[in-house]
Amino acid sequence: MREYVFRNQLVGPTDADIISDPEARRILFDFHDRLYKQKDSSPSYVVGRRGSGKTAYLSYIEGFGKYDICINIDKWKVFKEVGEISSQGGGTVFVEEMDDYWDSVLFTIILSELRRRYPRLISRDQFLENYFGELGVERANSATSFLTRLIRRLNGRYASGSSGGMLSALFGELFNEFDEPGRELRQRVESLCRDNEIRVVILIDSLESYKVDDERVSDGIKGFLKSVGKFNTRRNRPEVRCCIPSELYYNFLALSTNAGKDFNPPLFLHWKSSEILSVVAHRMCIHMRLYNDGSSVRNRELLGLNLDSRQGLQRFFEKVFPEMVTNETGDLERPEIFILRHTQMLPRQALKIFHSVIRENYSETGEYAYIQPRHVLDGTYKIVNELATSVCTAFRASYPGAWKVCRDVVPRLGYTFKLDELEVIYRRHLRGRPGISEKVTELDFARMLIELGCIGVQQNVSDRYQVAQFEYNSRGELMPRGTDTLCVHPMFRGPNGDRKSDEALKSVYPVGVDPYEDFS
């Protein structure tokens, strides 16, 4: 565990990609959070924003699931290569053909892993043995490597003019021996798994680098969506879990020829603030056990708290953090709420802020545990710019100029404003600017800021806060009207850039940010 949780990093790693050890994954996993409760569901698609835990979800499926074989495919590059194959013929490629093709490719990957682990089972089936002979693809160390080699080989066959299209290139002579070789392959692999009680799942992470304007990729993706959408519709057959970034979810919906069937139903990774705090507390408890042995009276109390309860979670942070901090508008605020207000309810963002806060405290006091109020503010403000940049980067396929726009626009906005003010700012400061206006048009401008979670709609005003709804915690698209009052998310606002105003400043409070309301 010390390979992943360092003495100077109380909350451990923020990126699930680096946790390769199954035992470390088991220990770092927070048994209180929603991922654990949903790991036994069977969605074909898992949808979440960058940092929401998509990779962690797949890791949990692999480490805790009920599958004998977990096959990981983690490179977007292969989808591009499939698209290139489909475009080589020069004619129209129908979605149904791409669907059959992807079905056959995915079952070929399953078969290759079955052959590696259970060679005697495969050798009893002459069709499957002959099929591998026709493929002529060498064994690989991973499913991604095998798929890459397979697609490159098919590229050559298809380019050389094999009659019968992509399926002919895949099955070779078997294409002429069977009316539907793809169905034959699927049925035989399914029967082999069912008869021998072998449970298989393919884990695909992630389509984040998908290029929305690449037509060659789009052809392959249309068939892929249709194929994957059917995988988990029947019991006792191999399954698929495919991660799709929320930042591109609507692009994929637009590509689908039947979104109701292809995405029925996806698992959306939305987090409650109490679940995020539970993850943070769980990680800090791991650190205590590793480096402090839980020997002090305080640590024994913290390790004994029930983090599933409101009282336990609140008591944990009361013992570690100051009772209150003075926020950017001079009001007193609980430190965990101040931190969560500067996130978009994503675990990775929260872990990064808590790590920054604890590091600030340690650099001055030499203490990891007893956090001073000023370090809560300093640690948060030091990291929010990085978090906002990361959000913009996640949307780069749709809005390549997002960060430049936000950097220029936010300082010009008041704590509250209307849609028409955005239009004025665009015309005065962004229209015609090289590197921006050609990437973000006036029509895209407001929609981009809303999708990023940079701006939201004010719902009500309390004595200390303006409570606001943002698209990332909404059900569907957030569509403000001209009469609505808008505001900037604290992550994008940061400590600076506030325009002078006669209005009484009130901190922005995103809906759902109070972790202790979740228990009411």
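Before any of the text, the structure's been laid out above.
Now for a look at the structure at hand.

Topic: the sheet that holds strand S11 (residues 507-510)
Then comes step 1: Spatially, the four strands line up as an open sheet ordered S10-S8-S9-S11, and their pairing is mixed. Sheet topology places strand S10 (486-488) and S11 at the edges, where each strand pairs with a single neighbour. Pairwise comparison of adjacent strand axes, ignoring direction, gives a mean angle of 50° for this sheet.
Then comes step 2: Relative to strand S9 (residues 465-469), strand S8 (residues 455-461) is paired through four bridges, and the arrangement is antiparallel. By the bridge assignment for S9, Asn460 is matched with Val467.

Looking at unusual backbone geometry
Then comes step 1: Positive phi values are uncommon outside glycine, yet Glu197 reaches one of about 50°.
Then comes step 2: Relative to the elements of secondary structure, Glu197 occurs in the loop between helix H11 (181-195) and strand S3 (200-204).
Then comes step 3: Relative accessible area serves as the criterion here: at 68%, Glu197 is assigned to the exposed category.

A word on the environment of Glu318
Then comes step 1: Considering the arrangement of structural elements, one finds Glu318 in helix H17 (residues 310-320).
Then comes step 2: Sequence separation between Glu318 and Glu336 is 18 residues, and the spatial gap between their C-alpha atoms is 9.4 Å.

Some remarks on the packing of helix H20 (residues 373-394) against helix H21 (residues 402-409)
Helix packing geometry: the angle between the two helix axes and the distance between the axes.
Then comes step 1: One way to put it is that H20 packs onto H21 with a least axis distance of 8 Å and a crossing angle of 135°. Judged on the interaxial angle alone, H21 and H20 are oblique. Our pair here, H20 against H21, has a crossing hand that is right-handed. Residues Asn385, Ala388, Thr389 and Cys392 of H20 pack against Ala402, Trp403 and Cys406 of H21.
Then comes step 2: Within the contact of H20 with H21, the residues separate by chemical class into five nonpolar, two polar and no charged.

Observations regarding the pattern of salt bridges
Then comes step 1: In total, this model carries 25 salt bridges according to the counting rule given.
Then comes step 2: Two residues, Glu113 and Arg116, come together in a salt bridge whose shortest N-O distance is 2.4 Å. With Glu113 and Arg116 both in helix H5 (residues 95-117) and three residues apart, this pair spans about one turn of that helix.
Then comes step 3: Where Lys352 meets Glu386, a salt bridge forms, and the shortest distance between an N and an O atom there is 3.4 Å. Here Glu386 lies in helix H20 and Lys352 lies in helix H19 (residues 347-365), a separation of 34 residues in the sequence.
Then comes step 4: We classify Lys352 as partly exposed; its relative accessible area is 24%.
Then comes step 5: On the accessibility criterion, Glu386 (41% relative accessible area) is partly exposed.
Then comes step 6: In this structure, a network of salt bridges that share partners links the residues Asp99, Asp103, Arg186 and Lys230.

Regarding the side chain of Glu113
Then comes step 1: When its relative accessible area of 13% is taken as the criterion, Glu113 is described as buried.
Then comes step 2: Beyond its immediate chain neighbours, meaning those up to four positions away, Glu113 contacts Ile69 and Ile71.

Quick look at the pairing of strand S4 (residues 239-245)
Then comes step 1: Of all seven residues making up S4, seven are buried, and the element is well covered by its neighbours.
Then comes step 2: Taken together, the four bridges between strand S1 (residues 45-48) and S4 define a ladder with parallel strand orientation. For Tyr45, the partnering residue across the bridge sits in S4 and is Cys242.

Quick notes on the sheet that holds S4
Then comes step 1: As summarised here, the arrangement of the five strands in space is S2-S3-S4-S1-S5, forming an open sheet in which the pairing is parallel. Lying at the two open borders of the sheet, with one neighbouring strand each, are strand S2 (69-73) and strand S5 (267-268).
Then comes step 2: Across the sheet, H5 is in contact with S2 and S3; its angle to S2 comes to roughly 130°.

Thresholds applied
Residues numbered from 1 in each chain as written. Predicted model: local features only at pLDDT ≥ 70, side-chain atom pairs only at ≥ 80, totals over all residues. Heavy atoms only, no water. Pairing = 2+ DSSP bridges. Helix = DSSP H or I, 4+ residues; strand = E, 2+ residues; numbered from the N terminus. Axes fitted to C-alpha atoms, helices over the stretch in contact; angles between N-to-C directions. Buried < 20%, exposed > 50% of the residue type's maximum accessible area, 1.4 Å probe, protein only. Parallel < 35°, antiparallel > 145°, perpendicular 65-115°, else oblique. Left-handed = near helix turned anticlockwise from the far one by under 90°. Contact = heavy atoms within 4.5 Å. Nonpolar A, V, L, I, M, F, W, Y, C, P; charged D, E, K, R; others polar. Salt bridge = Lys/Arg side-chain N within 4 Å of Asp/Glu carboxyl O.

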